[in-house]
Each structure stands twice: as structure tokens, then as C-alpha cells.
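This is what each chain is made of:
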Amino acid sequence: MKAFKLLFISAMILILNSCDDLDKYTKFDLNFTQEVTIKASTSVNLPFNLPTPPVATNSESAFKTNNTSKNLVEEINLKKLQLKVTSPAGEDFSILKSIEVFIMADGMTTEKIAWLDAVPENQSTIILNVSGADLKDFIFADEFSLNVKTVTDEANTRDYKIEIASTFNVNAKLLGI
């Protein structure tokens, strides 16, 4: 009986470790980088939208590179959305009060994917809260766009260039299992 228990426990440990090992073959990240410009303005506490140019997803190619295909993808979530002030040099996000990011693609309803209700001052790089929603239909599309909605809390006299780096986590089935 002790031998059976020991064998059972060993088998369970092996299975659980194998599941972790399999995850690295069924999960991978897709990274996209875009840029948006916040134009100089004297308006304060007024929301304004900053659409980004469309980004080609190249999802079929990315899936193939990661040994999977569209029909095996179970879910795609936004893992991380980071914003960085790239210009003017030495500036930060002090001009912003709040920020929301929406994803859009042809034929789909716009969806809020990230936000920060209180943008910290003196930070040139910020990481937004993410929704956790399944976004695979947006990534399956040929291209998507982001719409950045911001509210300023002080007047800005110069254009700000912001780099948007997004990381999407893809969870696919292994061999259709």
C-alpha cells in the first residue's frame, strides 16, 4: 500500500511539472509598438482622443512561428500596456490626469483594454491596468488600432510623443488537445 501511495504521489508530481513544461509550448507573447502625439494645448480637464494608425497583426505568421494556428488559439489577453514619453526629452506624464486605451478593428465593437485613473507625476514611463478580456478576434483581424483617451490636468505648451508598447499573451491548444 505504501508503494502504491508513493507511486501515486510521484506520478502526480510528474504530471503537474509536465503541465508547467507544456505551458511554455502553448503560450507565447505578441508585442506591438505604436506612437501617438499629444498636441500642445491650453485646455485642462477636457477629455480628448488620440487615435493611432492601424497596426498589421501578422497573426497567421506569428502563430506559425510559434507552431500553432488560428484554430488552436483558445484565448488572447492583453498582458501589459506600457506608455513612455519619448519627446520632448526629460518630460514625464505630469500633464495627464487620467488615460484610457480602447482597441478597434473593422466590423468589431470598440473595447476598453487598459486605463489609469490617476496618472502618477514625475514618471516618464507608466504601466496601465489591463482588462483581461479575450481579444483574440482583434488579433485575428488583419489590423487593429488603438484609441487613447486622455484628460489633462495642466496646460502643455509642447507636443508630446508617446510610445505605446503592448504585449498580448496567446494561449493555444497543444496539438488540438
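This write-up is about the structure you can find in this document.

What counts and what doesn't
- Residues numbered from 1 in each chain as written.
- Predicted model: local features only at pLDDT ≥ 70, side-chain atom pairs only at ≥ 80, totals over all residues.
- Heavy atoms only, no water.
- Helix = DSSP H or I, 4+ residues; strand = E, 2+ residues; numbered from the N terminus.
- Buried < 20%, exposed > 50% of the residue type's maximum accessible area, 1.4 Å probe, protein only.
- Contact = heavy atoms within 4.5 Å.
- Areas by Shrake-Rupley, 256 points an atom, 1.4 Å probe, with all protein chains shown as cover.
- Pairing = 2+ DSSP bridges.
- Axes fitted to C-alpha atoms, helices over the stretch in contact; angles between N-to-C directions.
- Phe/Tyr/Trp six-rings, centres within 6.5 Å; stacked < 30°, edge-to-face > 60°.
- Patch = residues over 30% accessible without salt bridge, like charges linked within 9 Å, V, L, I, M, F, W, Y side chains within 5 Å.
- Salt bridge = Lys/Arg side-chain N within 4 Å of Asp/Glu carboxyl O.
- Lys, Arg positive; Asp, Glu negative; His and termini not counted.
- Charge placed at Lys NZ, Arg CZ, Asp CG, Glu CD.
- Core = buried A, V, L, I, M, F, W, Y, C linked by side-chain atoms within 4.5 Å.

Observations concerning the overall build of the protein
Across its full length, the protein carries three helices and 10 strands. Relative to its full complement of 177 residues, the protein shows a buried share of 37%. A fraction of 80% describes how many contacts in the protein between residues 6 or more apart in sequence connect residues 24 or more apart. When the accessible surface of the protein is totalled, it reaches about 10,300 Å², and 53% of it is carbon and sulfur.

Quick notes on the environment of Val55
Within the secondary structure layout, Val55 lies in strand E3 (residues 55-56). Relative accessible area serves as the criterion here: at 13%, Val55 is assigned to the buried category. In the structure, Val55 is positioned 23 residues away from Phe32 in sequence and 8.0 Å away in space, judged by C-alpha atoms. In contact with Val55, other than residues within four places in its own chain, are Phe32, Gln34, Asp142, Glu143 and Phe144.

Describing the side chain of Thr57
With respect to the helices, strands and loops of the structure, Thr57 is situated in the loop between E3 and helix H2 (59-65). What makes Thr57 buried here is its relative accessible area of 6%. Apart from residues no more than four positions distant in its own chain, Thr57 is found in contact with Phe32, Phe138, Ile139, Ala141, Asp142, Glu143 and Phe144.

What to know about the sheet that holds strand E7 (residues 125-127)
The antiparallel open sheet is built from four strands, whose spatial order is E1-E10-E4-E7. The sheet terminates laterally at strand E1 (27-38) and E7, the two strands that pair on one side only. The mean angle between the axes of side-by-side strands here comes to 20°, regardless of whether they run parallel or antiparallel. As judged from the 12 bridges shared by E1 and strand E10 (residues 160-172), these two strands associate in the antiparallel manner. The partner of Thr33 across the bridge, within E10, is Ala165.

Some points on the packing of aromatic side chains
Centre-to-centre distance and the angle between the planes together describe a pair of aromatic rings. Applying the stated criterion across every chain yields a total of five aromatic pairs. Their ring planes at 70° and their centres at 6.4 Å tell us that Phe28 and Phe63 sit as a pair that is edge-to-face. Here Phe28, found in strand E1, pairs with Phe63, found in helix H2; they are 35 residues apart in sequence, far enough to count as distant. The residues Phe28 and Phe63 share a single accessibility class, namely buried. When the centroid spacing of 5.9 Å and the interplanar angle of 85° are considered together, the rings of Phe63 and Phe140 count as edge-to-face. With Phe63 in helix H2 and Phe140 in helix H3 (residues 136-140), the pair connects residues that are 77 residues apart, well separated along the chain. Here Phe63 matches Phe140 in class, with each residue buried.

As for a negative patch on the surface
Taken together, the side chains of Glu74, Glu75, Asp134 and Asp137 present a region of like negative charge at the surface. When you line up the elements, Asp134 lands in the loop between strand E8 (129-130) and H3.

Focus on the nonpolar core
As a rule of thumb, nonpolar side chains are buried together in soluble globular proteins. With 42 residues, the main nonpolar core has Leu30, Leu83, Leu128, Phe144 and Phe168 as its most contacted residues. If you list the elements that add at least two residues to this core, you get E1, H2, strand E4 (73-87), strand E5 (96-104), strand E6 (111-116), H3, strand E9 (143-152) and E10. In this view, Leu30 contacts Ala62, Phe63, Ile139, Ser166, Thr167, Phe168 and Val170; residues no more than four positions away in its chain are not counted.

These values are about where atoms sit, not about what they do.
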